[in-house]
Structure formats: structure tokens, C-alpha cells
Amino acid sequence: MTHSLLTTSDKTPLSAGLYIVATPIGNLGDITIRAVDILQRCDLIACEDTRVTGKLLKALDISKPMQRYDDHSGEGARQKLLDAARESAVALVSDAGTPIISDPGFRLVSEAREAGVDVTTLPGPCAAIAGLTLSALPNDRFMFGGFLPTKEKARRELLEELGGVDATLIFYESSPRLVKSLAAIDALWPAREIAVAREITKLHEECRKGSASELAAHYLTQPPKGEIVLMVGPPEEQTFEGDKDALLAEALKTLKPSQAASQVAKATGLDRKELYGRALELKK
Ligand code: SAM
């Protein structure tokens, strides 16, 4: 670019290809200079919802043709965009944040690469990363888990699978499901530090930390509104030095192995999945 960094007056045509453009997750001021530049100079914008992207373009005083696209749009729609990207500049945006990250675009980018179409990315807002930075949870290692499953069994199984991952876990969550997810986390990891980041970059941005049960109690009385990133701090080092078998055996007198494991996990901070395995052995 030959123009000043803070202006986007370059009118030279963009080279053909697919441009992945991140857009704000709430605060319009978070649009990057480069994103504005590419949206101004591209030939076509592929977007999840033309009304949502239309509002963004209007605020930026940009007028461009748009084509609705998501990964279920079908081969025909994808081929049309790929053909366009061979000859001209196609920008890919989602409703908010970074396309592809729990948003459409994966198949389009994957097929563009296979077809030898130039792909360029314009990084910018992403709720997962914004939430992590707000939370002050350990960030030297983190894992993004997308949306938690809505069905109870699938959610528990996924959480159990991730139980041993020594990293902060990041999930996208919806406000009506938050309390149930916190309860599911509490049943497995009562001692882990949790953060709920809500409405990031918007007027009512907040980040609340505590144990899963503390946060569940809070949001039960004050139902959360808006968009949410739910984060689970890494597992604590297990410091319990008592006789876990004795605790399990006692619990198994009145409880099923799964319940006994939950009870002992809560009391000791030990891993529930491991305790469950041991409870099944003791039961034999
Ligand atoms: N691709 C987007 C990104 O890069 O952030 C995420 C798209 S995903 C369909 C939408 C989810 O992201 C929401 O349900 C919420 O969990 C999270 N999210 C998006 N904006 C948010 C915000 N301002 N505050 C908190 N969470 C947000």
C-alpha cells in the first residue's frame, strides 16, 4: 500500500483471490484499517447474512455486491464464489469476528486452496481470544472447544474427554444454556477456576470468575443476557494425600459408582473420571 497507514484512499484494483476478513464482535471501532481497505476495494463480499453485513457496510459507507454463503450453501454457490475469486477479489466475512472460527468458510477456503486460488487472511477480532485475554486465566496453553453440545450426555462426554487436557479450555456458549453448562462442569471439576466473559467490546461487557458452582448460583438468580465465552482454567495439581479408596468405598455403600466418583471428586479435587474408573473396580 502506498497511502498513509490511517487512510484507505488506495483505489488500485486488488489482485484476484479470496480474502478472509475479520469484522468486529460488537464495537465497530475494532474494524481494522486493512479490513476497511479490502472491503472498499474488493469486487464481491461473501457473507453469512446480507442484512447483518449490509449494516456493517452502511456504517463504513461502503457499497458492494454481496452473496450469501455458508458451508451448507451447496456446491453450486461455492463454485460460483471460487470462479469469481479466480478472476476478481472476493472478501469472505461472517456476521461477527473471524470467519471459519465456529462460523462458515472452512469448505470455501479449503476448496480455494485446492483449486490454486490465492487465499489471504486479515486477522482481527475473535471472541475466543478476546475472552481469554480478559479472563486472566493461564494462557500459556489453551484449547478452543467451539460450542459445547446442547444435549446433556454429549456435553458430559465431551467434558470428560477434555478433563485431562492441561490447558485453559475455551467454549462459546449461549445465555440460556450457561447455567446448565456450569452445572455440568461443576459435577466434573468443582475446583477448577472458571471465567464467563459476556458482551465483549459492548456496553455491558463483563468478565466474572469463580468456581462453576459459584457462577451457576450467580447466573441462576441473574440470568445472563447476550453473547458468552465460557472458560475453564487448567486442572489443579492433585494434592490430596488421603485414602481415596476408603472414601470411594464409603460412598459406594449408598451411591452408584458415577455418583460416588462425583462426591469424592468434589471433596478431594481429584479427577472424577479417574475416580469413576476406580469406583467401578472397587464395586467388582
Ligand atoms: N467467528 C466468531 C469469532 O471469531 O468470535 C464467533 C462466531 S460464533 C457463531 C458466535 C459465538 O461467539 C457467540 O455465541 C458467543 O459465544 C461468541 N461471541 C461472539 N461475540 C461475542 C461477544 N461480543 N462477547 C462474548 N462472546 C461472543
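In what follows, the accompanying structure is described. Counting starts from 1 at the beginning of each chain's written sequence and moves along it residue by residue. In view of the model being predicted, local features appear only for residues whose pLDDT reaches at least 70, and side-chain atom pairs are presented and counted only at 80 or more, with totals across whole chains, interfaces and linings using the full set of residues. No hydrogens and no water enter the side-chain calculation; it runs on all heavy atoms of the structure.

Some words on the nonpolar core
- Residues belong to a common nonpolar core when they are buried Ala, Val, Leu, Ile, Met, Phe, Trp, Tyr or Cys residues joined through side-chain atoms within 4.5 Å. Using a 1.4 Å probe on the protein chains alone, a residue whose accessible area is under 20% of its type maximum counts as buried, one over 50% counts as exposed, and one in between counts as partly exposed. Of all hydrophobic cores here, the largest spans 20 residues; its most connected members are Leu159, Phe171, Leu182, Ile185, Ile194 and Leu230.
- Secondary structure counts use DSSP, requiring at least four H or I residues in a row for a helix and at least two E residues in a row for a strand, with both numbered from the N terminus. Of all the secondary structure elements, the ones that give two or more residues to this core are α6 (152-162), β7 (168-174), α7 (178-188), β8 (194-198), α8 (212-221) and β10 (227-232).
- In terms of residue count, the dominant contributor to this core is α7 (five residues).
- Counting 19 residues, the second-largest nonpolar core is a separate cluster that includes Val21, Val36, Ile38 and Val93.

Examining the environment of Glu199
- Mapped onto the secondary structure, Glu199 falls in the loop between β8 and β9 (206-210).
- Sequence-wise, Glu199 and Glu241 are 42 residues apart; in three dimensions their C-alpha atoms are separated by 41 Å.
- Discounting chain neighbours no more than four positions away, the residues touching Glu199 are His204, Glu205, Lys225, Gly226 and Glu227. Should any heavy atoms of two residues lie within 4.5 Å, those residues are counted as being in contact.

Considering the environment of Lys266
- Its location among the elements puts Lys266 in helix α10 (residues 257-268).
- C-alpha of Lys266 to C-alpha of Thr50: the two residues are 216 residues apart in sequence and 48 Å apart in space.
- In this structure Lys266 touches Asp186 and Pro190, once residues within four positions along its chain are discounted.

Side note on the sheet that holds strand β4 (residues 89-92)
- Ordered in space as β3-β2-β4-β1-β5, the five strands form an open sheet in which the pairing is parallel. Only two strands of the sheet have a single neighbouring strand rather than two, namely β3 (66-68) and β5 (119-122). Going from strand to strand, the sheet's axes swing by 25° on average, the running direction of each strand aside.
- Helix axes are fitted to C-alpha atoms over the stretch in contact, other axes to C-alpha atoms as well, and angles between N-to-C directions run from 0 to 180 degrees. On the sheet, helix α4 (residues 106-114) packs against β1 (17-21), β4 and β5 and is oriented at approximately 150° with respect to β1. Note on pairing: two strands pair once DSSP finds at least 2 bridges between them.

What to know about the pattern of salt bridges
- For this analysis, a salt bridge means a side-chain nitrogen from Lys or Arg found within 4 Å of a carboxyl oxygen belonging to Asp or Glu. In the structure shown here, the tally under the stated rule is 18 salt bridges.
- In this structure, Arg68 engages Asp70 in a salt bridge whose closest nitrogen and oxygen atoms are separated by 3.4 Å.
- Among the residues examined, Arg68 registers a relative accessible area of 44% and is labelled partly exposed.
- Judged by relative accessible area, Asp70 falls into the buried class, the value being 17%.
- Ionic pairing is found between Asp83 and Arg86, a salt bridge with its closest N-O pair at 2.7 Å. Residue Asp83 and its partner Arg86 are both found in helix α3 (residues 75-87); the two are separated by three residues, about one turn of the helix.
- A relative accessible area of 42% means that Arg86 is categorised as partly exposed.
- Several salt bridges share partner residues, and in doing so they unite Glu75, Arg78 and Glu111 into one network.

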